[in-house]
Amino acid sequence: MKRRGWLFAGAGAAALAIGARWRWTQDSAPSNRADAELWVQRWPTPDGAGFAMTSLRGRPLVMNFWATWCPPCVRELPMLDRFHRDTASHGWQVLALAVDEAGPVRQFLQRTPLTLPIALAGAAGLDWSQRLGNTGGGLPFTVALNARGEVVQRKIGEIGEEELRRWAAFSTTPSN
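Residues numbered from 1 in each chain as written. Predicted model: local features only at pLDDT ≥ 70, side-chain atom pairs only at ≥ 80, totals over all residues. Heavy atoms only, no water.

**So, the state of the cysteines**
Definition in use: Working definition: a disulfide is two cysteine sulfur atoms within 2.5 Å of each other. Remark: exposure states derive from per-residue accessible area (1.4 Å probe, protein chains only) relative to the maximum for the residue type, with buried under 20%, exposed over 50%, and partly exposed in between.
Counting across every chain of the model gives one disulfide. Between the sulfur atoms of cysteine 70 and its disulfide partner cysteine 73 the distance amounts to 2.3 Å. Taking the sign of the torsion about the S-S bond as the criterion, the disulfide between cysteine 70 and cysteine 73, at about 75°, is right-handed. With respect to burial, cysteine 70 and cysteine 73 carry one shared label: buried.

Set out below in structure tokens:
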């Protein structure tokens, strides 16, 4: 009888450990749906105005987290700007969130004019990028959301034009 009791106790402990591990991975795993809090964010823009995320809700969106001190970030911004211009008529939106200060971003934009919306997320941008799946905290980080606000693609590191166009072509299938 004692042996059977230890067996049940061991099985119970194992089940508890498995359940706790599963719960921990669910809590720490990035969501495939943008947090409702994202859509109520309002960030300053380099010119001092504000940018409201609500203006982007309901259509496919590419969000790029970048900084002026990040060479791959700076290299990919002109390509993201082209993507913005080329796909706007197909409903795509692009937002570049600078994890930076206003001064360096304004200086960068004087040298490299862009048409896509730029907002200043500052250090909070790193938190937002992690909430959207940037588990390593690296830059650049690009995420695509479909019209329902579901994360359909993520990438840490520089993204290529062909890769971005593939994302747009398959924007309805969630993936990690």
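The discussion continues.
**What to know about the side chain of asparagine 146**
Rules: Only runs of H or I of at least four residues qualify as helices and only runs of E of at least two qualify as strands under DSSP, and these elements are numbered from the N terminus. Polar contacts, as counted here, are pairs of nitrogen or oxygen atoms within 3.5 Å of one another; within protein the pair requires one atom able to donate a hydrogen and one able to accept it, and residues that are adjacent in sequence qualify only if both atoms are side-chain atoms.
Counting through the fold element by element, asparagine 146 comes out in the loop between β6 (141-145) and β7 (151-156). A distance of 2.8 Å separates the side chain of asparagine 146 from the side chain of glutamate 150, its partner in a polar contact.

**Side note on unusual backbone geometry**
A cis geometry characterises the amide bond from leucine 139 onward to proline 140, with omega recorded as -5°. Secondary-structure assignment places proline 140 in the loop between α4 (124-131) and β6.

**Quick notes on helix α5 (residues 161-169)**
What counts here: Our arc is simply the arc of the directions from the helix axis toward the C-beta atoms. Residue contacts are counted whenever heavy atoms from the two residues lie within 4.5 Å of one another.
Of all the positions in α5, only Leu164, Trp167 and Ala168 are classed as buried. The arc that holds the buried residues of α5, viewed along the axis, is 95°, so those residues lie on one side. Of the exposed residues in α5, the ones pointing more than 90 degrees away from its buried face are Glu162 and Ala169. Those residues of α5 hidden inside the fold are in contact with β3 (61-66), α2 (71-87), β6 and β7.

**Description of α4**
Every buried residue of α4 is accounted for by Gly125, Trp128 and Ser129. Buried residues in α4, looked at end-on, bunch into an arc of 100°, giving them a common side. Tucked into the core, α4 has its buried residues touching β1 (42-44), β3 and β6. One or two positions beyond α4, positive phi appears at glycine 133, with a value near 120°.

**A few points about the pattern of salt bridges**
For the record, the criterion: Just to be clear on terms, a salt bridge is a Lys or Arg side-chain nitrogen sitting within 4 Å of an Asp or Glu carboxyl oxygen.
The full count for this structure, using the stated rule, is nine salt bridges. The shortest N-O distance in the salt bridge between arginine 75 and glutamate 158 comes to 2.8 Å. Here arginine 75, found in helix α2, pairs with glutamate 158, found in the loop between β7 and α5; they are 83 residues apart in sequence, far enough to count as distant. Assessed through its relative accessible area of 52%, arginine 75 is described here as exposed. The exposure class assigned to glutamate 158 is partly exposed, which follows from its relative accessible area of 32%. A salt bridge links arginine 148 to glutamate 150; the nearest nitrogen and oxygen atoms lie 2.9 Å apart. On the basis of relative accessible area, arginine 148 is assigned to the partly exposed category, the value being 47%. One network of salt bridges, with partners in common, ties together Arg82, Asp86, Glu161 and Arg165.

**Observations regarding the packing of aromatic side chains**
Keep this limit in mind: Here a pair means two rings of Phe, Tyr or Trp (six-membered ring of Trp) with centres within 6.5 Å. Their orientation is stacked below 30 degrees between planes, edge-to-face above 60, and tilted elsewhere. Cation placement over rings: the criterion is NZ of Lys or CZ of Arg within 6 Å of the ring centroid and within 35° of the ring normal.
Evaluated as defined, the whole model comprises three aromatic pairs. Judged by centre distance (6.0 Å) and plane angle (35°), the rings of phenylalanine 65 and phenylalanine 141 are tilted. Residue phenylalanine 65 is located in strand β3, and its partner phenylalanine 141 is located in strand β6; the two are separated by 76 residues in the primary sequence. When the ring of tryptophan 66 is compared with that of phenylalanine 108, the centres are 5.4 Å apart and the planes differ by 50°; the resulting orientation is tilted. One end of the pair, tryptophan 66, is in strand β3; the other, phenylalanine 108, is in helix α3 (residues 102-111), with 42 residues separating them in the sequence. Comparing tryptophan 66 with phenylalanine 108 shows no difference in burial state: the two are buried. One residue, arginine 131, lies across the ring of tryptophan 128, its end atom 4.0 Å from the ring centre.

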